[in-house]
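# Coordinates in review
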Protein chains: 2
Amino acid sequence: MLKDIQLDKSSSIYLYLQLYNQVRDLIKAGKLSPNTKLPPIRKLAKQLGVNNVTVVKGYDLLEEEELIYKKVGRGTFVAPAKKIKIEAEAADLDQQIYIDEDTKLDRAGEINFATAAPTPDLFPIAPFKKLLNKVLERDRGYAFGYQKSQGYLPLRESISNYANRYNISANPEEIQIVSGAQQGIDILAKTFLDYGDTVFVERPTYPGAISVFKSRQANIVEIPLKEDGIDITYLEAKLKEIKPKFLYLMPNFQNPTGYSYSQTKKEKLIKLADQHDLLIIEDDCLSDLNYSDQESNALKSLDKADRVIYIKSFSKIFMPGLRLAFLIIPDCYFNDILLSKYMSDIFTDGLVQRVLDLYFKEEVWEEQLIRLKETYQVRYESMIVALREYLPNQIEFAKPNGGLNIWLELPRGISASKIKDKSLKKGVNIAPGAAFYSNQPQVNKIRLSIAAVNKQEIKEGVKRLGALLQQKLNDKEDDTWDNSVLPLV
Amino acid sequence: MLKDIQLDKSSSIYLYLQLYNQVRDLIKAGKLSPNTKLPPIRKLAKQLGVNNVTVVKGYDLLEEEELIYKKVGRGTFVAPAKKIKIEAEAADLDQQIYIDEDTKLDRAGEINFATAAPTPDLFPIAPFKKLLNKVLERDRGYAFGYQKSQGYLPLRESISNYANRYNISANPEEIQIVSGAQQGIDILAKTFLDYGDTVFVERPTYPGAISVFKSRQANIVEIPLKEDGIDITYLEAKLKEIKPKFLYLMPNFQNPTGYSYSQTKKEKLIKLADQHDLLIIEDDCLSDLNYSDQESNALKSLDKADRVIYIKSFSKIFMPGLRLAFLIIPDCYFNDILLSKYMSDIFTDGLVQRVLDLYFKEEVWEEQLIRLKETYQVRYESMIVALREYLPNQIEFAKPNGGLNIWLELPRGISASKIKDKSLKKGVNIAPGAAFYSNQPQVNKIRLSIAAVNKQEIKEGVKRLGALLQQKLNDKEDDTWDNSVLPLV
């Protein structure tokens, strides 16, 4: 079948992408059966009259999308057809939902690396109570009245000043208050996505976004994320293929990976957006938690041509249980998005908006942020130390400059979901990687979060996890661990 | 063209409905041009070999959908094609949005019959403040922690008890907390509606529901609402034509009309739902505000076969600015709806849920409801008295048994939107009827709400409105008021 492949060297589409497209089509059409062996790289390169690298890159893409898999020393094979049904996906997602809800309140004694939701003890109650009562004294019933759908104007003014400190210029008229970042994503999906539209996301990405885009029946294209940001070459190639309604991304301390875009990548991305008239949705929930001295500027701060819609959540840094976030929206989209906000819940709780406004105005905000950052940084450093001490050497992870998440890569063939089952029995909860991909494949990735664990728990939890993984690896060396049929990612 | 019409007397579809369908198709296909005169009733009845009543009913339906219009003494004509674009609808809706936001805070001095959002002075702040601080003392940081998507369990238990008093049996597991009734509608639409699905609504209905259904690209079928409830015959006929995903309705003190379903109609409806496997969404925001001694029981209280999903908002009776409502959901739909809730905003503000729970537990709830009902009832009775005193006799309205809204019917041909423009100049704001219909036609209906006006304002406002309408009617008698081209509804 591969004999039918013909690459057009005069085309503007990269040769490796042409190869990838044609093989993918053959697989999807069933013309290449599962477990068919593909030609070795050199042989195919010779046959097509191209460089070996072209075939390597083409195969890499196919492997990335789990259309093929490799067996060391044996070659490359077509992956078994996916039989994931919508129902199964929903069930998986359903499980995923509760990751953020497994707080200590529910499972006493468990060490919870699964949730990125901070525990309540991190947030000082006294200033909140003081400011809440101040609002009640000042505004009385108006604190409970119907609010403008756009949000409480004084808060929008405070946010405008706040954004300015991050070199984001946004006047209060461009700011839309929403009930948390999840609602922000939902509202943007309502505004931009209809049946069959395409949206680009990072791979892996936030599952709450994936599920919203699926609910709008959108076609989701995942663009691989590297340690220094999204794969620009892949993105550019995909943009030549299809124009998405938007690209959803998290440039700083990404969820789940913790990766941040390099300044060069941020600039390239803005340039690409200009060239391709690409709308970018920047979800920024963690950039405040920067433990390094490297700047973590927002893509929005580089946006001169209204290419970026910016979402900022306060869940991780204000009060997680109060649903509050804001969007910065270029003027041309404003009315449509306002309408979507109205349809979603008319307006966001006015009382909480007023309290947050006082957090900014009375400078409690800055104080709380510094305190939180210190706490998280201690946890984060404990986590890195523990991982280095207790994890088997074969397990890789990048050390992010900030945020709440660390992304572990297990040796190929080890299913993170199975590890989760085992670690739960040891009293340690983790987030297996599958949830962060559009089609929830078996993957050898794990997200560990420091939001709900203290220093002691981190040490103890990683120790247990490390022992478990070491045992798995030993088993593997005893060859009882079967990885032959798993697609490798 | 009408010569091609053939009715099939052996069909199970009513003859008048067959006639309606065929004429509608001819009009929509452009085979009958605008302003074409249709045959007189007797002539067409004779041609088709049917009873006159069949043609009358067929024509009535066509007129109801504004496909034809009548000129007194001249006959029946095809209506001009509608040129309403999505953009234009959005703009209209956009205007509509702000109906509920024109609070006194914004337009001092204006008498606002347009908004159904209660003014903040109606809600005593002291008990709220007391209970809020109690929650903060008791739960500390947990009041701000992440919450279960389903909602705070003690509140769900309180609601279960509360529902019991209204003969609705719902265990806490069947209750889903949402951030206001609008979100409830949005979540249900997300769960049940995809591109091209059909949904039935009352005609007229709540515009926030219409816009959500349109956003899911659903096909909206409006079923006429009468003073004693939905038109069951019409509904049944439509059910034979097409199976909707659900029927959305408000059986008590409907918005905008104030109409309530008779007990007979409620029972018929439940029976019909059983026969046609019809899912009903019952939106109950005002049944607590019953000023009569007639029971205003929920459809849900009659539901034995899990046909009804129940939405109850607290906006009009607890604190309007706090987004809080609940759904009662038959078990079979629960997981799908929970997923939609998660996608919408993950969970509803936990602090407010805890405070509301104490409202129930400490019996502040009952107290506040009694107080509010008294206030609204005084306003309501002032409204009826004022309408009887100041409105021209030609203007009709039903006297509802409760709620916040009164629905005026102006003499045919008077556009409510134009009246609104004029009454605003006199310092009186009203809600013209157009917003409450799916395609926002010019209509001769007005919704007057008592939520944001006191006794004195009601008297003064109705006096001004009455004078304005009298003047209009006088102008009309001078024949300067042109109603010849308006479709009559």
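The rules behind each value
The residue numbers shown here count from 1 along each chain, following its written sequence. Each chain is given a letter, starting from A, and each ligand a number, starting from 1, according to the order in which they appear as written. Restriction of local features to residues with pLDDT of at least 70 applies here, the model being predicted, together with a cutoff of 80 or more for giving and counting side-chain atom pairs; totals for whole chains, interfaces and linings are based on all residues. Only hydrogens and water are removed before side-chain values are computed, so all heavy atoms of the structure are retained for them. UniProt positions are given in the numbering used here, feature names are shortened, and annotations may be inferred rather than shown by experiment. Definition used in this section: a nonpolar core is a set of buried Ala, Val, Leu, Ile, Met, Phe, Trp, Tyr and Cys residues joined via side-chain atoms within 4.5 Å. Whether a residue is buried, partly exposed or exposed follows from its accessible area with a 1.4 Å probe, protein chains only, as a fraction of its type maximum: under 20%, in between, or over 50%, in that order. Whether two residues are in contact is decided by their heavy atoms: any pair within 4.5 Å suffices. Two rings belonging to Phe, Tyr or Trp (six-membered ring only in the last case) form a pair when the distance between their centres is within 6.5 Å. Interplanar angles under 30 degrees mark stacking, angles over 60 mark edge-to-face geometry, and anything in between is tilted. For helices the rule is a DSSP run of H or I covering at least 4 residues; for strands it is a run of E covering at least 2, with both sets numbered from the N terminus onward. Buried area counts how much accessible surface, traced with a 1.4 Å probe, disappears from two parts once they are put together, with both parts' losses summed. Just to be clear on terms, a salt bridge is a Lys or Arg side-chain nitrogen sitting within 4 Å of an Asp or Glu carboxyl oxygen. Polar contacts, as used here, are pairs of N or O atoms within 3.5 Å; protein pairs need one atom able to donate a hydrogen and one able to accept it. Residues neighboring in sequence count only if both atoms are side-chain atoms. Note that Gly is not counted as nonpolar here; it falls among the polar residues with everything else outside the nonpolar set of Ala, Val, Leu, Ile, Met, Phe, Trp, Tyr, Cys and Pro and the charged set of Asp, Glu, Lys and Arg. When the copies are overlaid, the least-squares fit takes in C-alpha atoms only where the residue has pLDDT of at least 70 in both copies. In this description, a line fitted to the C-alpha atoms serves as the axis of each element, helices being fitted only across the stretch in contact, and the angle between N-to-C directions of two axes falls anywhere from 0 to 180 degrees. For classification purposes, an angle smaller than 35 degrees is called roughly parallel, one larger than 145 roughly antiparallel, one from 65 to 115 roughly perpendicular, and anything else oblique. Handedness of a crossing is defined here by the sense of rotation of the near helix relative to the far one, left-handed for an anticlockwise turn of less than a right angle and right-handed for a clockwise turn. Whether two strands pair depends on DSSP finding at least two bridges between them. Each domain's extent is set by a domain assignment, obtained either automatically or from a database. With the strands pointing away from the viewer, any crossover whose connection runs clockwise from the first strand over the helix to the second is right-handed.

Per an unreviewed UniProt entry, chain A carries the name Transcriptional regulator with HTH domain and aminotransferase domain and comes from Halobacteroides halobius. Turning to chain A, the UniProt record has this under Subunit (unreviewed entry): "Homodimer." Database annotation for chain A, UniProt heading Cofactor (unreviewed entry): "pyridoxal 5'-phosphate".

## Thoughts on the nonpolar core
For soluble globular proteins, nonpolar side chains are generally found buried alongside one another. Counting residues in hydrophobic clusters, the biggest one holds 152 residues, and the most contacted among them are A:Phe318 and B:Phe318. Not counting the four nearest positions on each side in its chain, A:Phe318 is found in contact with A:Phe123, A:Phe128, A:Leu324, A:Val352, A:Val355, A:Leu356, A:Tyr359, A:Trp365 and A:Gln368. By size, the runner-up hydrophobic cluster in this structure holds 55 residues, among which are A:Leu2, A:Leu62, A:Ala114 and A:Phe200.

## Side note on the packing of aromatic side chains
Residues and elements named next belong to chain B. Within the structure shown, the criterion is met by 39 aromatic pairs over all chains. Ring geometry for Tyr310 against Phe326: centres 6.2 Å apart, planes inclined by 50°, an arrangement best described as tilted. Of the two residues, Tyr310 sits in strand 10 (residues 308-313) while Phe326 sits in strand 11 (residues 325-328), which places them 16 residues apart along the sequence. Overall, the relative accessible area of 1% leaves Phe326 in the buried class.

## Some thoughts on the side chain of B:Ser215
Secondary-structure assignment places B:Ser215 in helix 8 (residues 207-215). Other than its neighbours up to four places away in sequence, B:Ser215 contacts A:Lys190, A:Asp194, A:Arg216 and A:Met343.

## Section: the interface of chain A and chain B
Every contact between the two is made by 60 residues of chain A and, on the other side, 60 residues of chain B. Buried surface at the junction of chain A and chain B, both sides included, amounts to about 5900 Å², of which 61% is carbon and sulfur. The largest contributions to the chain A side of the interface with chain B come from A:Phe144, A:Tyr146 and A:Met343, which together make up 13% of the buried area. Applying the counting rule to chain A against chain B returns four salt bridges. One salt bridge in this structure joins A:Lys129 and B:Glu137, with 2.1 Å as the shortest N-O distance. The tally of links from chain A across to chain B stands at 17 residue pairs in polar contact (both at pLDDT 80 or more). Mapped by element, the contributors of at least two residues to the side of chain A that touches chain B are helix 4 (86-97), helix 5 (125-139), helix 7 (181-192), helix 8 (207-215), helix 11 (334-345) and helix 12 (350-361) of chain A. Among the residues forming the side of chain A that touches chain B, the class breakdown is 29 nonpolar, 15 polar and 16 charged.

## What to know about the relation of the copies chain A and chain B
For these two chains of identical sequence, chain A goes onto chain B by a turn of 180° and a shift of 0.1 Å along the axis, with RMSD 0.4 Å. When the rotation and shift are considered jointly, the pair of chain copies conforms to a two-fold rotation axis. By C-alpha distance to the rotation axis, the residue of chain A lying nearest is A:Tyr195, at 3.2 Å.

## Here we look at the packing of helix 1 (residues 15-28) of chain B against helix 3 (residues 52-64) of chain B
All names here are of chain B. One can describe the packing of helix 1 onto helix 3 by two numbers: an axis separation of 8 Å at closest approach and a directional angle of 45°. Considering the angle they form, helix 1 stands oblique to helix 3. Classified by chirality, the crossing of helix 3 by helix 1 is right-handed. Between helix 1 and helix 3, the residues in contact are Leu15, Tyr16, Leu17, Leu19, Tyr20, Val23 and Arg24 and Thr54, Val55, Lys57, Gly58, Leu61 and Leu62, respectively. Along the lines of polarity and charge, the residues of the contact of helix 1 with helix 3 split into nine nonpolar, two polar and two charged.

## Topic: the packing of helix 6 (residues 153-165) of chain A against helix 12 of chain A
Residue and element names in this part refer to chain A. One way to put it is that helix 6 packs onto helix 12 with a least axis distance of 9 Å and a crossing angle of 40°. Relative to helix 12, the element helix 6 is oriented oblique. Seen from above, helix 6 lies across helix 12 with left-handed handedness. When helix 6 is examined against helix 12, the residues Pro154, Leu155, Ser158, Ile159 and Tyr162 are found in contact with a partner set consisting of Gln353, Leu356, Asp357, Phe360 and Lys361. Grouping the amino acids of the contact of helix 6 with helix 12 by side-chain chemistry returns six nonpolar, two polar and two charged.

## Some thoughts on the environment of A:Tyr162
Tracing the chain through its elements places A:Tyr162 in helix 6. One polar contact links A:Tyr162 to A:Asp288, side chain to side chain, over a distance of 3.4 Å.

## Some remarks on the sheet that holds strand 10 (residues 280-284) of chain A
Residue and element names in this part refer to chain A. Spatially, eight strands are ordered 5-12-11-10-9-6-7-8 in an open sheet, and the strand pairing comes out mixed. With partners counted over all chains shown, the strands left at the sheet margins are strand 5 (175-178) and strand 8 (229-230), one partner each. Strands in contact with helix 11 are strand 5, strand 11 (308-313) and strand 12 (325-328); relative to strand 5, the strand with the most contacts, it is inclined by about 15°.

## A few points about the domain arrangement of chain A
All names here are of chain A. Under the domain assignment, chain A is made up of domain 1 (2-78), domain 2 (86-122 + 367-477) and domain 3 (144-362). Taking only C-alpha atoms into account, the centre of domain 1 sits 36 Å from that of domain 3. With eleven residues of domain 1 at the interface, the matching set in domain 3 holds eight residues. Contact with domain 3 buries surface across domain 1, with Tyr14, Leu17 and Glu64 losing the most and accounting together for 44% of the total. Counting every contact that joins domain 1 to domain 3 gives zero salt bridges. Between domain 1 and domain 3 we count zero residue pairs in polar contact (both at pLDDT 80 or more) in total. Counting only elements with at least two residues in the side of domain 1 that touches domain 3, the list comes to helix 1 (15-28) and helix 3 (52-64). Among the elements that make up the side of domain 1 that touches domain 3, the one with the highest residue count is helix 1 (five residues).

## Things to note about the pairing of strand 9 (residues 246-249) of chain A
All names here are of chain A. Residues Phe246 and Tyr248 point to one face of strand 9 and Leu247 and Leu249 to the other, with burial holding for every one of them. One ladder, built from three bridges, connects strand 6 (residues 198-203) with strand 9; its direction is parallel. If you follow Val199 over to strand 9, its bridge partner there is Phe246. Strand direction decides the pairing type here: strand 9 and strand 10, joined by three bridges, are parallel. Bridge assignment links Leu247 to a residue of strand 10, and that residue is Ile280. Crossover connection from strand 9 via helix 10 (residues 263-276) to parallel strand 10: handedness right-handed.

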